[in-house]
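# Summary of structural features
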Amino acid sequence: RRCALCREVYHTMALRQALRNLGGGAARGMATVAHPTGPVWVSSKMINLTVVLEGQRFPVKGKIGKNLAEVISQSGIADLVAACPSISLGKGPDTHVRLPPSIIAMLPELSLEQKSYIGDLCENPSAISRMASMVTLLPEMDGSAVAIEANRPFRTP
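Being a predicted model, the structure only gives us computed values, none of them experimental.

### Re the pairing of strand S9 (residues 145-148)
Burial along S9 is one-sided: Val146 and Ile148 are buried, while Ala145 and Ala147, pointing the other way, are not. Of the pairings in the sheet, the one linking strand S3 (residues 46-53) to S9 comprises four bridges and is parallel in character. By the bridge assignment, Leu53 is partnered in S9 with Ile148. Where strand S7 (residues 96-98) and S9 come together, two bridges link them in antiparallel fashion.

### Comments concerning the sheet that holds strand S4 (residues 56-63)
As summarised here, the arrangement of the five strands in space is S4-S3-S9-S7-S8, forming an open sheet in which the pairing is mixed. Two strands close off the open sheet at either side, each with one partner strand: S4 and strand S8 (129-131). Shown here is a sheet whose adjacent strand axes are inclined to one another by a mean of 35 degrees, direction ignored. Here S7 runs beside S8; their pairing, made up of three bridges, is antiparallel. Counted as the bridge partner of Val97 is Arg130 from S8.

Conventions used here
Residues numbered from 1 in each chain as written. Predicted model: local features only at pLDDT ≥ 70, side-chain atom pairs only at ≥ 80, totals over all residues. Heavy atoms only, no water. Buried < 20%, exposed > 50% of the residue type's maximum accessible area, 1.4 Å probe, protein only. Helix = DSSP H or I, 4+ residues; strand = E, 2+ residues; numbered from the N terminus. Pairing = 2+ DSSP bridges. Axes fitted to C-alpha atoms, helices over the stretch in contact; angles between N-to-C directions.

Okay, here's the thing in structure tokens:
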């Protein structure tokens, strides 16, 4: 398993690659954010998403470049915040989500560690399952819907 910093570095690299694919940053109204591995571009532009939880649809807005877990946990909607608990102090909030195939196609391939992480934390994971922290918001995701699915219950020894 990866340590929290290693996971953060991986997500940063995936974000940088996605932003490189989009083209320059400053010309698109993006600002840098301090990060342990260097600056990361986070857009001032927002996209609209629909988060589905137990059949109920919640509209949320998120900044391009943020991860889905941050958007869900900072939505201010009590049901969504409760569905995205803090996994650990280093990891922060995260939850199991199912994504449409169009979004899955935009994401990088899962590493073995990420597949293991999903298998450990998700109830009934599938090919369209991800942890919300693995999904970096892109402009092409505007108007998409994602579903929050069940996490495995935490067991204490």
